[in-house]
Structure formats: structure tokens, C-alpha cells
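Summary of the model geometry
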Amino acid sequence: MNRTPDPRPPHRNTSGRLAAGMVAAAVTAALLPALAAPAAAAPVDWTSLNTSFVERDGSRLVLDGETFRFSGPNIYWLGLDENVGGVDYPTAFRIADTLDAAARMGSTVVRTHMMTSTGQDGANPLAIMPSLGQMNEEAFATIDFAVAYAGKLGIRLVLPLTDEWEYYHGGHRDFTTPFGLTSADFYTDERPIAAYQAYVDAILQRTNALTGVPYIEDPTIMAWELGNELEGMTAPWIDRQVAFIKERAPQQLVAAGRRFDIDPDTLSVPELDIVDVHYYPPTAARVSADAATVTAAGKVYLAGEYASTAASPALLEPLVADPNVTGMLFWSLFGNNDRGGLVPHDDGFTIHAPGATDAERARVSAITAYAAAIGAEPATPAVGTPLITAVDRADGINTIRWRGAGGAVSYRLELSLDGTSWTAVDTGTLRADAGSATDFTSPTGAVYRVVAIDGAGADAALSDPLATETDTRVLVDPLESWLLTEAHDGTTIVPRADGTSVVAASDGASVTWKQDRLLAASFIASGSVVVESSADGSAWETAPSEVGPDGTVAARDLVGPYLRVTLAAGASVSRATIWSAVDAPSGPPAAFASISPASGTVDVTATPTFTWEPATGAAYYRFTLAAQVDLGNPVVVVDGIGNPSITPTVALTPGQRYWWSVTAVNGAGATASSTGAADFLMKPLPSEPLVVEDFESYADDAALQATYVRNTGGGAVTPSITTNPDTGTQAMTAAYDLAGPGYAGVVRTFQTPQDWWGYTGLEFWVQGTPGDDVTVQFVTRGTYWETVAPIEGEGWQLVEIPFSSFAPPAWAGEAAFDPTSVTQIGFYLGGEGAGTLLVDDIVTTVAAVEPEPGTGQPGTGQPGGAGGTDTTVSTEDLARTGLEATPWIVGALALLAIGGLLLARGRRWVR
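Residues numbered from 1 in each chain as written. Predicted model: local features only at pLDDT ≥ 70, side-chain atom pairs only at ≥ 80, totals over all residues. Heavy atoms only, no water.

Looking at the sheet that holds strand E37 (residues 610–612)
Stated precisely, the cut-off is as follows: Pairing between two strands is assigned when DSSP locates at least 2 bridges connecting them. Numbering of helices and strands runs from the N terminus, with a helix taken as a DSSP run of H or I at least four residues long and a strand as a DSSP run of E at least two residues long.
The antiparallel open sheet is built from three strands, whose spatial order is E35-E37-E40. In the strand order of this sheet, the two ends are held by strand E35 (594–596) and strand E40 (645–646), each with one partner. Here E37 pairs with E40 via two bridges, running antiparallel. Counted as the bridge partner of Phe610 is Ile646 from E40.

Here we look at the nonpolar core
Here is the rule we go by: Residues belong to one nonpolar core when they are buried, are Ala, Val, Leu, Ile, Met, Phe, Trp, Tyr or Cys, and are joined through side-chain atoms within 4.5 Å. Working definition: with a 1.4 Å probe on protein chains only, accessible area under 20% of the residue-type maximum means buried, over 50% means exposed, and in between means partly exposed.
Of all hydrophobic cores here, the largest spans 97 residues; its most connected members are Trp224 and Trp237. Per-element accounting of this core gives the leading share, nine residues, to helix H3 (residues 140–153). One finds Ala734, Phe764, Phe817 and Ile842 within the second-largest nonpolar core, a separate group that totals 37 residues.

Section: the side chain of Ser107
The condition is simple: Throughout this description, a polar contact denotes any pair of N or O atoms lying within 3.5 Å of each other; where both atoms belong to protein, one of them has to be capable of donating a hydrogen while the other can accept it, and for residues adjacent in sequence the pair is counted only when both atoms sit in side chains. In this analysis, two residues are considered to be in contact whenever any of their non-hydrogen atoms come within 4.5 Å of each other.
Relative to the elements of secondary structure, Ser107 occurs in the loop between helix H2 (92–104) and strand E5 (109–111). There is a polar contact of 2.8 Å between the side chain of Ser107 and the backbone oxygen of Ala102. Dropping the residues within four chain positions of it, Ser107 is found in contact with Ser71, Gly72, Pro73, Ala102, Ile155 and Pro378.

Here we look at the packing of helix H8 (residues 313–320) against helix H9 (residues 358–373)
Put simply, the rule reads: Axis geometry follows a simple rule: fit a line to the C-alpha atoms, using only the stretch in contact for helices, then measure angles between N-to-C directions, giving values from 0 to 180 degrees. Roughly parallel means an angle under 35 degrees; roughly antiparallel, over 145; roughly perpendicular, 65 to 115; everything else is oblique. Following the grouping adopted for this structure description, the nonpolar residues are Ala, Val, Leu, Ile, Met, Phe, Trp, Tyr, Cys and Pro, the charged ones are Asp, Glu, Lys and Arg, and the polar ones are all others, Gly among them.
As a packed pair, H8 and H9 sit with axes 10 Å apart at the nearest point and diverge in direction by 5°. One element, H8, and the other, H9, form an angle in the roughly parallel class. Counting all contacts with H8, which are made through Pro313, Leu316, Leu319 and Val320, the residues of H9 involved are Ala366, Ile367, Tyr370 and Ala373. In terms of residue class, the contact of H8 with H9 is made up of eight nonpolar, no polar and no charged.

A closer look at the environment of Leu329
For Leu329, the location among the structural elements is in strand E11 (residues 325–331). For Leu329, a relative accessible area of 0% puts it in the buried group. Each C-alpha atom, one on Leu329 and one on Ile75, is 9.9 Å from the other, the two residues being 254 residues apart in sequence. Discounting chain neighbours no more than four positions away, the residues touching Leu329 are Phe70, Ser71, Gly72, Pro73, Asn74, Val109, Arg111, Leu302, Ala303, Gly304, Glu305 and Tyr306.

Re the pairing of strand E42 (residues 669–672)
Taken together, the four bridges between strand E41 (residues 657–666) and E42 define a ladder with antiparallel strand orientation. By the bridge assignment for E42, Thr663 is matched with Ala672. Adjacent in sequence and paired antiparallel, E41 and E42 are bridged by two residues.

Observations regarding the pairing of strand E21 (residues 459–462)
Where strand E20 (residues 447–453) lies against E21, three bridges are found, and the strand directions are antiparallel. Residue pairing for E21: Ala452 is matched across the bridge by Ala461. Turn length for the E20-E21 hairpin, with the two strands adjacent in sequence and antiparallel, is five residues, and the turn residue Gly457 shows positive phi of about 85°.

Some thoughts on the packing of helix H4 (residues 190–204) against helix H5 (residues 235–248)
We apply this condition: Helix crossings are classified by the rotation of the near helix relative to the far one: an anticlockwise turn of less than a right angle makes the crossing left-handed, while a clockwise turn makes it right-handed.
Taken N-terminus to C-terminus, the directions of H4 and H5 make an angle of 25°; their axes are 11 Å apart at the nearest point. Considering their axes alone, H4 and H5 lie roughly parallel with respect to each other. Classified by chirality, the crossing of H5 by H4 is right-handed. Contacts between H4 and H5 involve Glu190, Ile193, Tyr196, Gln197, Val200, Asp201 and Leu204 on the former and, on the latter, Trp237, Arg240, Gln241, Phe244, Ile245 and Arg248.

Topic: the confidence of the model for the protein chain
Rule in force here: Per-residue confidence from the predictor is reported as pLDDT, a score between 0 and 100.
For the protein chain, the mean per-residue pLDDT works out to 88, and 88% of the residues sit at or above 70. Segment residues 1–41 is flagged for pLDDT under 50; beyond a separation of four residues in sequence, or across chains, it makes 94 contacts in the model. Predicted confidence for residues 851–911 stays below pLDDT 50, and this span has 134 contacts to residues more than four positions away or in other chains.

Concerning H2
How we decide: What a helix is expected to span follows from its residue count: subtract one and scale by 1.5 Å.
Under the 1.5 Å per step criterion, the end-to-end length of H2 is 18 Å for 13 residues, consistent within 8% with the ideal 18 Å. With respect to burial, H2 is a largely interior element, 12 of its 13 residues being buried. All buried positions along H2 are accounted for by Ala92, Phe93, Arg94, Ile95, Ala96, Asp97, Thr98, Leu99, Asp100, Ala101, Ala102 and Ala103.

Some points on the sheet that holds strand E27 (residues 509–514)
Pairing is antiparallel in the open sheet, where five strands are placed in the order E24-E27-E33-E29-E30. With one partner strand each, in any of the chains shown, strand E24 (487–489) and strand E30 (540–542) form the two edges of the open sheet. Averaged over all neighbouring strand pairs, the angle between strand axes comes to 20°, with direction disregarded.

Description of the pattern of salt bridges
The following threshold applies: In what follows, salt bridge is the name for a side-chain nitrogen of Lys or Arg lying within 4 Å of a carboxyl oxygen of Asp or Glu.
Applying the stated criterion across every chain yields a total of 31 salt bridges. Among the salt bridges present, the one from Arg111 reaches Glu225, with a minimum N-O distance of 2.9 Å. Within this pair, whereas Arg111 is found in strand E5, its partner Glu225 is found in strand E7 (residues 221–225), the two being separated by 114 residues in sequence. A relative accessible area of 0% means that Arg111 is categorised as buried. When its relative accessible area of 0% is taken as the criterion, Glu225 is described as buried. Glu480 is the salt-bridge partner of Arg403, the closest N and O atoms lying 3.9 Å from each other. Remark: Glu480 occurs in the loop between strand E23 (472–477) and E24 and Arg403 occurs in strand E15 (residues 397–403); sequence separation between them is 77 residues. Here Arg403 falls in the buried class, since its relative accessible area comes to 10%. Via salt bridges that share partners, Arg111, Glu225, Asp276 and Glu305 belong to a single interconnected network.

Following this line, the structure appears as C-alpha cells:
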């Protein structure tokens, strides 16, 4: 809203008291949120910061006479989105929020697939071209907005026009299949060529409905790309399409490329401006080598996609000084979800900025630093404003949900009982990906707001307050989409200054919602608006309404589940806030019992998943775990658990007995589990290493190759049996070639999962090319863990890697370490060239245990045994064993680090 919200709900009665039984009237008089005046919904000034076209000067780009280099993301979904519970148009909020995030990262160029929007026979009705030759005007609404908003930020766009792949937004087969042709015919047959050019021409001739600027006259559109990762392009086809586009858009650039390597045909077409190369994963050496090849051919080099998981100083800092590298665009960027939290996407390369985890924030930081180092001067949007989207009340307890604020690194939920004094709700840390929090007190008449906190730890923005009443729930619809509505007629969603408004095309236009047990509603409105409600959706009653001095329309005494707002021609409405009734709890939760681990369970390894019976009437559960029968000095207490199970993120001590209990809570009271505190005993530590792989059981190369299987996404790699000259025993040698994908690896899947619980790490012998890095990866309970081991020097060397050095790959997401069921182990190399990797004798390592004082015997594994509490060994090693940081284990880890243990068979030790 571009204003500082009044923290007080407006129109509170001067007495500060709410009459009992007058919920609807109270909502109207006292609970309306602080909403903006109609002036805030004025049309946007779409003046663009992009006033000059980016031009090509040989193998570089220039802007206003200066070399133009850039960093940025791919935001493929700006036109049509697959991440909204199906395929639909993204909201203006999500488009703006994510482009703002890009700008904060220093981005001055964004690559987006929004012009890749085609289908066949109406199977993709939301596409620009649902069927061959048919154009869909509605599809351009989000595209026009994205182009206009990017211009306001000074961001420029690279726009692929079709796609090699058959994703939800279509691809080049939509121009061949209708003619009964194969995909290869796209480049040779005149019918698909003509159809493709007709589609491109329709796009090029469009005028942006928001800015009034034709696409081909808009400097925001820097380049048209012939297609994403087109594999079958020929030089004549490229030349023909470049000429076609440049004839119509002479001030804009044209790009082309394919995945994984340079398409040689792109280097031979004189008028093609930009060669696009994609990397999964990239290395600085490979990027620089490709950039040198492209610029030597007189073209501009663009890394149009690179795996965001590789974004790091090691990748990006060397490229700052390489003038051949014009553009680096990572894959891919997402922002806040419309109803709360961050947009989920599971392709393995998703980034949210500023990031919700340390790993994600590190990648964002590296990308931002690179942009600054190459001289990018982006817009710097302020931190956005959070919006409370709902207060859900169940069994007397409120859960507050909000839409996040771009640029916020965390949030704080605050509560007021008088609209002026605010206190923080005890929720624990609310990260950037938090979209909800539970108020365990949920007092009557609570007013809530959400505070967005920036990277400096300062309060950056406040949500508008949202008020509640006894046994009510609240729904807020910002009317960015029709997601929450039951029906709409004669209305259009139009982007406005900060959000959207629903605008009536003619008298009688309407929007309808359905919410059980309606009480009251409010709207930001402009023009003539009538609020009605209905029990059956056909017979409507006009609701008593009041119009505040700021234009807010408040309606009360609603009947039935249907709510409708009817608008006169030209009238608009935005942000509907709807209150409805819920049942109060009749008493504390019903009796229930714990299930597992059952009392008396022994030999527990990993921290177990605790389960219990659902308790009727429970709003949430409170879990307690302790090493004492009376649950004193608890190891962990978790409040606000919604489901009858939990796997706490806590390391437990081997050989230790624990007790656990659960309490069910609602607004009327609490009920402890009928079974009381249940106990279980952790398994003692292993004392001998586990042989993971010694390579002695393979009769021949074929047997080894059947077990160690090449990752088919990588380069060539062939394992075979060799002899370890030091021991005379068998080892594995793997000949590899990294050409193409830039990596190669082999993976073994264990027929019977291995249990690595209680061990401290892995140890193995390796030989390879000095200076290379070997990535060691394993899978346990469906989660991936990996780390890098450098090869230093010639000959065999022993590598020991503590489990604390392993982490989930960025593409795999965060995970809890549970090594009780390891199903795979693999070895990978990345970069360029070919070579041979030798591996032998993979075993787990065990923690040394100090003697009990005065006995000379190993400790019992119980807390309180001897151990050096002054050690500087990090307890991170401990967390990766599933163990607790008790003094005796810390001391054992210190012993393990003694240099005398680091040498074996005369070979180099590598930490």
C-alpha cells in the first residue's frame, strides 16, 4: 500500500468494551482492519527505467556506449505457472515479488519462458496459442504485467519463443504434430516453419496493454531467443529465423543455443547476436573456455542457464575478470506464495531470495556479490509488506497465516488487545519460509499483525492489523486471483499500484464467495458497491453496510454461506475480509494413549519417530523428551504439534535411557496421555568398523559393472577390477570422460541397506589425478548426502571424512541425518577431461573411547565417563553420528584427531 499502517484497528468503540452476543456488530464497529483509501488503488505509472536499447558491438553488449555485463535468474513461469496446484496464470503479486527479489540480487536481466506458450487441440487452453493458428488474448495479461513491471525495475528480458521439451507450456512439437510430422521436421518442412513464424509475428506485433508500448519498441525486451535448448537447429534455419525477427524488431537482439555445449551452427550465422550455453553443473574453467570460443567467433556469450546449486565464490569470482563472459543467468528463482510461505518447486535448482537456509543464503550472497563486482546497477526495492491471509480458529486456538514480504529474512508475530500496545507472540523463530504461527494463548478480542525483519535485523514493514472475536475465523482475499471465490461475472482483475482490483465491466457485475456461518465482511471499494448474502445462492438479501471515511465498506448480519458483492459499471473492489463463526471447545481434549516407541523398547538407534493416538478436541500437542523418569531437565519440548507424531531434531546418547510424554491442548484445557511417560533405551556405540565395500567379491569386470552403475545423466565412465599393489587385493578402477555434461559418476545400490548408526565417518583409499576432487555421495532413508575429497599428490592415499562434512546437495533440500538405512553409495568427478579413478577398502570409522578413570578399561558409553571437556573438537562431528555431545564422546573425537592415527601404509592422509 506504500504507507505505514495504523497499528490500531479503526472504528474501535470509545469505551473499549464489546457487548456480549453482538459479534456481527462488533466486527463492523471494532474489527475492521486498517485498509487503504481508494486512492491507493489508482492505476500504475508504468514509466520504464529502460530508455535505451542494449546493442551488440562485436562480441560484447553495450548500453549507452558502456559495456553491459549482467547477472540474473531464470524465472520461467512469469506467463503461465505450474506451481499453483495446477496450471494457471501467476498472480501480479507473485510476478512483482519475484522480480523484486531478482533486483535485490543485483539482477539486470531475467530470462523467462513466458513466450513459450503453445498447445495442441485446446489441451492447453491458457496458452498464448491453445491450438495451431489460434491466439488467446487473455494469456497476455500476465505477460504484459511482467514486461511492464520489469521495466519499472530496470530489468531487461531474454525471451525464448519455443522449447525443445514438451513441458506444460508447450514446445516446438506444437508446430509439427498437427501436420503429422516429427520434431525434426520443425527445421526443414515449410508448414511448421510458417506456423512458427506466424506465432512469432503475432507476438512481435503486440502492443502492451498496460504501457501502450509495442513489444518491438520496448527496450525492456533485450533479446528474443529462437527457442529453449533446441537440439536440431541448422545454420540455414537459424539464419532464416534471425532475419525474420530482425526485419520486424531491428532494435532488439536475437539469441540461440542448446543445452550442455556450444551449438557450432550458432557460431556460423553472421546476424545472430548471442550464443546461449547451459551448465548442469558449471565450472569457472568451462564457462571461460566456452566464452572464449564464442567471442572468438564474434558472438556475445551467455550462460543462459547454470545450476544455482553451484553458485559460489569458487565459480563466480574468477569470472568477474573475464570480459568474454557477458551474462550469467542461474536456474531458477521463486518467491513468496500467495497464501503463505515460499513457492515450492522440486527440480533441485530452486532459489528463494534472500533465502530460508544457510546454504540458500550463501548462494544468494555469491550471486549478489558477482553482480556487484561486474558493475550491475539494479533497482533496490524496499522490503515488501506482509499480508495476513487468515486467522484459523480450531478448538479455541488461533493459527495466523500470512503472505510473505519480499526481502524479509524472518518475521515476528505480534498481538494487541487494545489496538495500540503490541507484544510479541511466543512462536520461536519465524524464518523467511514461515507462513503461519500458532498463538497458544489466543485471548478473546486479539488483534494480530506480522512484522517483516530485514537482513540487518531491523523491523522493515508491518502488515495491516487483523482483528478477531471469540470463536470466529477470518479469511482475507486480496483478489489477486479467483482462487478463493465461488463465482465471478462481468469482472476483470486489473493490476493497480500495490496489488490488484476487481473492476466491473458493466452494471450488475459481481463476485461471490462461499464460507460457512458468515458473520461479517469488509472490502476496499471504489464506486457503487452492494453487499448481499444468501442461504442457498439464489435468494439474496442486502446486508446492512457502512462506508467508512477511507472508502472501506463493512457489512454485517450476513446469512447463509454465500456472500456476494455487486458492482456498478467502472466500480472496483479489492481485499475482501470475511468473518465467520466456529464452535468453541466443549471441554479439554479427550483421553488418548502413546503408541511408539512403546515403553521398554531397547536398542533404539536413530532418534525415533514418536506416535500417539489422536485426541478428540485437541487443537495441538505438546511433546516432552527427557533423560529422567519425572521428565525433569527435558532434552526437548515441542509445542504446537498439529499431527499425532513427531521426529524431533535432537541427537540422543548411545546407551542412555529416555522417557517421553505427550499432552493434548485446546482452548479449554489440557489432557496428558493416559499411558504416562514411556521409556526406551538407546543402543550402545559400535566398537568395530563396518566394511562398506572391499571389492573382493567380484569375479570379473562384468560383475563389478553390474553393481557399480553409471549415472546416465553424466559422462562416460567404465568401472573395472584392478589390483591394489600395496595389498595384492582387488580394487576398483573407473575410466571416465567428462565431456558434455561436465561430470561422471558410478553408483552402487545395496541389496540390503547398511546401518551406519554410531560411526563417525567414512574411510577409503583413492588414487587419481592430483588436483581433482572426488564427490562422495550416499543415500540414507531416501535423503542424499555428499561431500568433496581432494586428491593430493601421486599414488594411493587414505581419505577419512567425518559425517559432519557431509550435507544434502542443494538440489535435494534440507534433511535430518539418519544413517540407519544406507541404500546407495556413489563416486563422482566434475569438470573437464578424462582420467582414471581408483578406489579401495571403504569402511566406516568408529569413535575411540577413553578409559574409565583408574581402570585402564574403555568407558561404558554413559554420560559422566572420562573425557576432555576442554577439547576444541567441534561437536558437529557428533551430530552426524546420531549422538549427543556428552563429554566422553567429545574426548573420544579429540583422540581420533591425533596425528598418529592419520597415517597408514605409507600413503598420504587427506583431511
